[in-house]
Amino acid sequence: MPELRKDPVTGRWVIIATERANRPQAFPAPVPMRDEPKTCPFCPGHEDQTPPEVLAYRKEGTLPDQKGWWVRVVPNRYPALSPVGEPARLGDGMYDLASGVGAHEVVIETPDHDANLGTMEPKQIEEILWAYRARCIELSKDSRIRYVMIFRNEGQRAGASVYHPHTQIIGLPIVPMNVKEEISGAQRYYSFKERCIFCDMIRQEMRDEKRLVEINDHFVAFAPFAPRFAYETWILPRFHRAHFEWIEQHEVSWLAKLLSSTIRRLQATVENTPYNLVIHSSPSNVDVGPHYHWHMEIMPALSTMAGFEWGSGFFINAIPPETAAEEMREQG
């Protein structure tokens, strides 16, 4: 019997329809995308095919924009937003416009063309997370940028256009609506209960264990109660943090280990899993108060949104989160 579940943060409803998993090719195995290192702009030796790096972790004695790096950050050659200009709000009759000012960068995660978060050593993932943090801090110094979005597309179905492992970072002149909805929902909950809704969520998931995927000293991974996507998984710091960039050195190691094992569990549960990974954090240079809690969302791209989803705003998920978490736990 299908059921509707309400997301406690945003108030968004999803439909859990287990019968749909019985459809022919409910989750057809995606065809892995791949291009060759000799033509890949992100591979070592091809540094001249990208804009000059803005950050690199490299071997001592090696020069910028040359070989010798293990993490490299460059401006996106095809940016969604431009770093040139000033933010401006405009009007065209009843319509609102804004200038497309911001930043768009690519974190080239490793020199290894065929690696992914499930095959990398946790130490390499630590380095990637440090690069995320460093660029968040740097981009937030720009008064034109109000929000820094970190996202990763793994696989062609999830929107990746380059096979080489990479993450994108976009500095936006406005706060995204999804984040605004989360902050607003968290504020309503805090006004009523004087507790962080995410902290309460963590406590309940740790107590119930039905949707728990994995836990360590500083982070927890679980399937959210009302997941939009099959095998959707969230990772949250167990101790309250509003901003991702406030993460401390000892915490990065724990996050890298949990992210690594969570991706391995997901890939073992569903072969060749394409997914999107996003980090939701507080807006840049804004103290939103004690009610918001940064978190990472991993959203497998196993099905396609169609007319009902686009027309209604509802998501239909064929796998209950309790089932998804149990399957992922079994991949220990």
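Below or above, wherever it landed, is the structure these notes cover. (Residues numbered from 1 in each chain as written. Predicted model: local features only at pLDDT ≥ 70, side-chain atom pairs only at ≥ 80, totals over all residues. Heavy atoms only, no water.)

### Some remarks on the packing of aromatic side chains
- Counted according to the given criterion, the structure contains 6 aromatic pairs.
- The interplanar angle of 85 degrees and the centroid separation of 5.1 Å between the aromatic rings of F244 and W294 together place this pair among those described as edge-to-face. With a gap of 50 residues between them, F244 in the loop between β12 (233-237) and α4 (249-269) and W294 in the loop between β13 (275-280) and β14 (295-300) connect regions that are remote in the sequence. Like W294, F244 is buried.
- Taken together, F219, F244 and W294 form an aromatic cluster joined through their ring pairs.
- The ring centre of F225 lies 4.6 Å from the NZ or CZ of R5, which sits over that ring.
- The ring centre of W254 lies 4.9 Å from the NZ or CZ of K257, which sits over that ring. (Phe/Tyr/Trp six-rings, centres within 6.5 Å; stacked < 30°, edge-to-face > 60°. Helix = DSSP H or I, 4+ residues; strand = E, 2+ residues; numbered from the N terminus. Buried < 20%, exposed > 50% of the residue type's maximum accessible area, 1.4 Å probe, protein only. Lys NZ or Arg CZ within 6 Å of the ring centre and 35° of its normal.)

### A few points about the sheet that holds strand β11 (residues 219-222)
- A sheet is described by the order of its strands in space; here 10 strands give the open sequence β3-β4-β7-β9-β8-β13-β14-β12-β11-β10, paired in antiparallel fashion. Unpaired on one side and paired on the other, β3 (55-58) and β10 (212-215) mark the two borders of the sheet. Averaged over all pairs of adjacent strands, the angle between their axes in this sheet comes to 15 degrees, without regard to strand direction.
- Sheet topology places β3 next to strand β4 (residues 69-75); 4 bridges connect them, and they run antiparallel. Each bridged residue has a counterpart across the sheet, and for R58 the counterpart in β4 is W69.
- Against the sheet, helix α6 (residues 321-329) touches β10 and β12, its axis set at about 45 degrees to β10. (Pairing = 2+ DSSP bridges. Axes fitted to C-alpha atoms, helices over the stretch in contact; angles between N-to-C directions. Contact = heavy atoms within 4.5 Å.)

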